[in-house]
Amino acid sequence: MLIHIILGVSCVFLNLYASNFATQNIYRKVFFSLSILLLFVFLAFRYDFGNDYLAYYDLFNEFSVLTLDDALKYDGRVELGWILLCMLFKPIGFFGLVFALVFFQLYVLAKIIFKYCPPDLYWFAIFIFIFIPDNMLINASAIRQSIAISFFLLMVDSILEKKYLKALFYLIAAYNFHTSILIVVLFLID
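Once a new chain begins, its residue numbering starts again from 1 and follows that chain's sequence as written. Predicted model: local features are reported for residues with pLDDT of at least 70 only, side-chain atom pairs are reported and counted for 80 or more only, and whole-chain, interface and lining totals are derived from all residues. Side-chain numbers come from the whole structure's heavy atoms, not from hydrogens or water.

Undergrad: Outline the pattern of salt bridges, listing residues and values.
TA: The salt bridge criterion pairs a side-chain nitrogen of Lys or Arg with a carboxyl oxygen of Asp or Glu, the two atoms within 4 Å. For the structure shown, the criterion picks out 7 salt bridges. The salt bridge partner of Asp157 is Lys111, with a shortest N-O separation of 3.9 Å. Of this pair, Asp157 sits in helix H9 (residues 143–160) while Lys111 sits in helix H6 (residues 93–116); the two residues are 46 residues apart in sequence, bridging distant segments of the chain. Think of it in three bands: with a 1.4 Å probe and only protein chains considered, a residue is buried below 20% of the maximum accessible area for its type, exposed above 50%, and partly exposed in between. You can call Asp157 buried: its relative accessible area is 4%. Measuring nitrogen to oxygen at the nearest pair gives 3.0 Å for the salt bridge that ties Asp157 to Lys115. Note that Asp157 is positioned in helix H9 and Lys115 in helix H6, a separation of 42 residues in sequence. Connected via shared salt-bridge partners are Lys111, Lys115, Asp157, Glu161 and Lys163. The secondary structure listing takes helices from DSSP runs of H or I that are at least 4 residues long and strands from runs of E that are at least 2 residues long, numbered from the N terminus.

Written out as structure tokens, the structure reads:
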């Protein structure tokens, strides 16, 4: 937990420094990108982090050996998207999968922050992500849910851009990693 706190404070202060002393937005983006890189190193190289990490490791070993036919027939406790992802990443293993998923999730986070957050508040966005446990720590353990959340963020972005077909694609992708995303989508209906 100490490493998490040191990482969080470092990332927030990097961006706080940039927002107070960098005169051009490009420098703020560079400092923000550096903090995303630090987060990437922390999250990509974690091991046995949280309650579910080793369970996902076991699921990967169980599903990565399935054939496509077996995966399509599977009617169990895990959604099809996760099974197919395990099969796809079999050549590079579970840790390669974690590495790729962290890259994807942080890419989505950075995209959303760059698009919707003023550069002088990047530090606050990073603070919210790191220090509210539901945003980073729990998602580091709940891997399938965090994939669904990333697709949900892309879906909301597509809805705001009025790209509804793209939003539907992201909803279907999210659903195929964790069906609970349907509950979250109900809150979007107004």
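Next comes the rest of the write-up.
Undergrad: A description of the nonpolar core should follow, citing residues and the corresponding values.
TA: Buried Ala, Val, Leu, Ile, Met, Phe, Trp, Tyr and Cys residues form a nonpolar core when they are joined through side-chain atoms within 4.5 Å. By size, the foremost hydrophobic cluster in this structure holds 58 residues, and its most contacted members are Leu39, Trp82, Leu106 and Met136. Here this core takes 11 residues from H6, the largest share from any one element. With residues up to four places along the chain from it excluded, the contact list for Trp82 reads Tyr56, Leu59, Phe63, Leu97, Leu101, Ile143, Arg144, Ile147, Asn176 and Phe177. Residues are treated as being in contact if the distance between any of their heavy atoms lies within 4.5 Å.

Undergrad: Describe H9, naming the residues involved and giving the relevant values.
TA: A rise of 1.5 Å per residue sets the reference length of H9, with its 18 residues, at 26 Å; its end C-alpha atoms lie 26 Å apart and thus fit the reference within 8%. Taken residue by residue, H9 has Ile143, Arg144, Ser146, Ile147, Ala148, Ser150, Phe151, Phe152, Leu154, Met155, Asp157 and Ser158 as its buried positions. Buried residues along H9 sit in contact with helix H3 (53–63), helix H5 (80–88), H6, helix H8 (137–141), helix H10 (164–175) and helix H11 (181–186). Once H9 ends, the next one or two residues include Lys162, with phi positive near 60°. The span you would expect from a helix comes to 1.5 Å times its residue count less one.

Undergrad: Got a sec to walk through the environment of Ile36? Specific residues and values, please.
TA: Position of Ile36 relative to the elements: it lies in helix H2 (residues 25–44). When the C-alpha positions of Ile36 and Cys11 are compared, they lie 8.0 Å apart, and in sequence the two are 25 residues distant. Excluding anything up to four places from it in sequence, Ile36 contacts Leu106, Leu109, Ala110 and Ile126.

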